[in-house]
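Each chain, letter by letter, is given below.
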There are 2 protein chains.
Amino acid sequence: MILTVTLNTALDLTYRVPALVPHTSHRVTEVLERPGGKGLNVARVLATLGHEAVVTGFAGGPTGAVLRDLLSGLPVRDALVPVAGNTRRTLAVVDATTGDTTQLNEPGPTVTSDEWSAFLASYETLLGDADAVALCGSLPPGIHVGAYAELIRRARAAGVPALLDTGGEPLRRGIAARPDMVKPNADELARLTGSREPLRATHDARRRGARTVVSSLGPDGVLAATPEGTWHAAPPAKVPGNPTGAGDSAVAGLLSGLVESLPWPDRLTRAVALATATVLAPAAGDFDRTSYEELLAKVRVTEHAPAA
Amino acid sequence: MILTVTLNTALDLTYRVPALVPHTSHRVTEVLERPGGKGLNVARVLATLGHEAVVTGFAGGPTGAVLRDLLSGLPVRDALVPVAGNTRRTLAVVDATTGDTTQLNEPGPTVTSDEWSAFLASYETLLGDADAVALCGSLPPGIHVGAYAELIRRARAAGVPALLDTGGEPLRRGIAARPDMVKPNADELARLTGSREPLRATHDARRRGARTVVSSLGPDGVLAATPEGTWHAAPPAKVPGNPTGAGDSAVAGLLSGLVESLPWPDRLTRAVALATATVLAPAAGDFDRTSYEELLAKVRVTEHAPAA
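This one's a predicted model, so the numbers in the text were calculated from it and none came from an experiment. (Residues numbered from 1 in each chain as written. Chains lettered and ligands numbered in written order. Predicted model: local features only at pLDDT ≥ 70, side-chain atom pairs only at ≥ 80, totals over all residues.)

Attention now goes to the overall build of chain A. A tally of helices and strands in chain A yields 10 helices and 16 strands. Here chain A has a C-alpha radius of gyration of 19 Å; the compact-globule value for 308 residues is 19 Å, and the two agree. Taking the principal axes of its C-alpha atoms as reference, chain A extends roughly 55 × 45 × 40 Å. Residue pairs in contact within chain A that sit at least 24 positions apart in sequence constitute 66% of those at least 6 positions apart. (Helix = DSSP H or I, 4+ residues; strand = E, 2+ residues; numbered from the N terminus. Rg over C-alpha atoms; globule rule 2.2 N^0.38 Å. Contact = placed C-beta atoms within 7 Å.)

What follows is the structure, encoded as C-alpha cells:
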C-alpha cells in the first residue's frame, strides 16, 4: 500500500455567493464540504488509479469527526491519529459572477508532544506495510519544524521511499534528510534556492539532498532531475480550468509510477496527464478520467543534457 | 419563564484576518465560535437580567451538535427540537486593519413537515409554562411563510403574550395575527408600510394588527406606539461600537419589562440602555453591565401626542 501523511488535515468548505463584496452581508447559495489536506487528495487519486491508499496525520474535535465521516465514504483507509484540538476548516468563497475564489484558512489545532509521540508510533507500524510514503502540506502549530526530516529518516530506516511535498523551512530541513523525491512548485523552489530559473534551481535543490527533484512548472508541466537523467514533461496545450489539486494529482502519479517501477518518462507522463486532467475537471481536486487517458498519449517528454 | 423561538439557529463563526483582499488567500489569525440566532441572543441577555429563559427552535447535524454543546455552558435551558439537516453557520470575517466585517450566511437546513409538527407539539407544551414568548429571526427553508402567524395564534390561545422580531413577508403575515408586540427596525418598517417617516410608519404598522409596535431607530433609540400612548426613548449620546446584537438586547429589555409589568417608559428605558450597552461591549452581542446600569438613569423618554 501507499501511505500519505497529512499532519494539518482540513475540512474544505466551499461557499458560492452571487458576488463577493467586502464589508457587506451575503447569502451563501451553495455549501460544499469535503475532506481536505494535500495527502488526502493524493490518496483519493491513488485509490482511483487502483492503488491501496492509507491516510494518516491528525484529526480531532467536531470538525475532525465530520472529516472522518466524509472520509469513510471514500476508497481510502483512515489511519488518522486523534488529537484533542479541533481540526481546521479551509473556506473557499467562490464569486459566481467572476468565478474567482477567495481563500480563508484556519490555523489548525496545536498538537501536543504526547499526540506527536502517538503519531510516530502509528507511523512506524504503518511503514511496515508501505511501498512508499508521501509527506504532504504545512505543519500544524506545536509540531517542530524538523518533523518532516524526522519522518524521512524513519522511512529510510524502514526501507520505504519518501516523497516530500511542502514549502519553506520544513522543505529546507526535510530535503537535508535525503528524501527519495521532493516536488516543489516554482515559488517553493525559488524560496529554497534563491533562483527562479527552473533548470538551475531544480539541480540546486537536488544537490541539497533529494535523490530526485520534480519541479512543478504549472501549465508548462514538470521538470525532473533524477539519478538517471533530467526530463521535461509538458501537456500538449494549456488548458482552462481550476488548478486546485493539480499538484496533489501529480504527486499521486509520481508515487504510483514509483511503486510500479515505471521508467522516468512514463512516470512523468502520468503525473502531467493527471495534473492536467485535474485542471479540466469541473469540481476542484477531482480529475477527468477520459481526459487523463487521452492525455497519456499526448504529453511530450524531452530529455535534457546532464547537469554540469 | 420566558420562551424564545429561533427557527433558524446558527453557529456564529468569527474569523479575524490581517486584511480581507478578495481573490487572494488568507491565514485566519483567530477563530471564535458561539451559539447564534436572534432568539438565543435574547435568551442570554434575559438570563443575565435574572430571568429564567428557555430556547427552542431547531438544531441538527454536526453543526447543531456543536451549537448545543456551546449552549450547555450558558444559563439558558435548551429545548431545541432535532432536525435531520445540518444547522447553518454564519461567518463574520473581521478585517483587522479597518475593523470592517464581511458577513457570509449559510441558508440553513430544510425543515420537513414532520419536524415542524414535532416542533409545534413541543411549543404547545412550553407555552404552558411561559410568561411571554419571543419569535425571532428568519425562517429556514421548508417552513411556510405564515409560520409566525400560526405561532402567534397558538400563543394567544394559551394566554401568552408574543413578541415578533422578523422582517419581510413573515412579519407582514405575523402582524396580521395580532401579536402583542413587534420590534421592526427602520428597513423592516419601511418594507412593511412603504414609509420611512418613523412616527407615521410605526402607527401604520400598529393598525395592521400589533397591539404595540416598538420601532428601532438605531442610534436614535426606539419609538413605541402602545395602547397607553406613544413614546420616544433615546440614549444620552451616540456611542461608538459594534451594533451586532443590540436589537436582540432591546427585545430582552422589552420582554423582561413586560413580564415584570413595568410602565412603558421604564420598559423602553431598559430596552435602550441594554441596546446601547451592547454596542459599547467589546465582544459582539454581549452587553456592558456597568454601562447598562449607568445608562438606566440617562435614557431620555418623551411622550408624543396621541395618533390622529
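Now for helix α2 (residues 61-71) of chain A. Turning to α2 of chain A, its buried residues are T63, G64, V66, L67 and L71 of chain A. Looking straight down α2 of chain A, one finds that the buried residues subtend no more than 160° of arc, so they occupy a single side. Against the buried residues of α2 of chain A lie β2 (10-17), β4 (30-36), β5 (53-60), β6 (77-78) and β8 (88-95) of chain A together with α2 (61-71) of chain B. (Buried ≥ 20, exposed ≤ 12 C-beta atoms within 10 Å, placed from the backbone. Arc of directions from axis to C-beta.)

Next up on the list: the nonpolar core. Note on soluble globular proteins: their nonpolar side chains tend to be buried together. If you look at the biggest cluster of nonpolar residues, it comprises 186 residues, and the most contacted ones within it are V133 and L274 of chain A together with V133 and L274 of chain B. Those residues in contact with L274 of chain B, other than ones at most four positions away along the chain, are V45, S249, A250, A252, G253, F287 and Y292 of chain B. (Core = buried A, V, L, I, M, F, W, Y, C linked by C-beta atoms within 7 Å.)

With that settled, consider the relation of the copies chain A and chain B. Relating one copy of the chain to the other takes a rotation about an axis and a shift parallel to that axis. Here chain A sits on chain B after a turn of 180° about the axis and a move of 0.0 Å along it, with an RMSD of 0.0 Å. Both copies are brought into coincidence by an operation consistent with a two-fold rotation axis. Taken as a fraction of all interface residues of chain A, those also at the interface in chain B reach 100%, which identifies the copy contact as same-surface. (Least-squares fit on C-alpha atoms with pLDDT ≥ 70 in both.)

Moving on: the sheet that holds strand β8 (residues 88-95) of chain B. Strands sit in the order β3(A)-β9(B)-β8(B)-β2(B)-β4(B) across an open sheet of five strands; the sheet is mixed. Of all the strands in the sheet, just β3 (25-27) of chain A together with β4 (30-36) of chain B have a single pairing partner and so form its edges. Going across the sheet, the axis of each strand differs from the next one's by a mean of 15°, ignoring polarity. Summarising the sheet, strand β2 (residues 10-17) of chain B and β8 of chain B pair through eight bridges and their orientation is parallel. By the bridge assignment, T14 of chain B is partnered in β8 of chain B with A92 of chain B. (Pairing = 2+ DSSP bridges. Axes fitted to C-alpha atoms, helices over the stretch in contact; angles between N-to-C directions.)

Let us now look at the pairing of strand β15 (residues 229-234) of chain B. Residues and elements named next belong to chain B. Counting buried residues along β15, five of its six residues qualify, which places the element largely inside the surrounding structure. Pairing analysis gives five bridges linking strand β14 (residues 222-226) to β15, with the strands arranged antiparallel. Of the residues in β15, the one forming a bridge with L223 is H232. Once β14 ends, the chain turns through two residues before running back antiparallel as β15. As paired strands, β15 and strand β16 (residues 300-304) are joined by five bridges and run antiparallel to one another. By the bridge assignment, A234 is partnered in β16 with R300.

Moving on to unusual backbone geometry. Peptide bonds are trans in most cases, and residues, glycine excluded, mostly fall at negative phi. Located in the positive-phi region is H23 of chain A, a residue other than glycine, with phi close to 70°. One can find H23 of chain A in the loop between β2 and β3. Residues other than glycine seldom take positive phi values, yet R178 of chain B does so here, at roughly 60°.

This paragraph deals with the interface of chain A and chain B. Many analyses report the size of an interface as the accessible area lost when the parts associate. The interface is formed by 23 residues belonging to chain A together with 23 residues belonging to chain B. Those elements giving two or more residues to the side of chain A that touches chain B turn out to be β2, β3, α2 and β9 (101-105) of chain A. In terms of residue count, β9 of chain A provides more of the side of chain A that touches chain B than any other element does, five residues in total. In terms of residue class, the side of chain A that touches chain B is built from 12 nonpolar, eight polar and three charged. Inspection of the sheet shows β9 of chain A paired to strand β3 (residues 25-27) of chain B by three bridges, in the parallel sense. Looking at β3 of chain B, one finds that L104 of chain A is bridged to H26 of chain B. (Nonpolar A, V, L, I, M, F, W, Y, C, P; charged D, E, K, R; others polar.)

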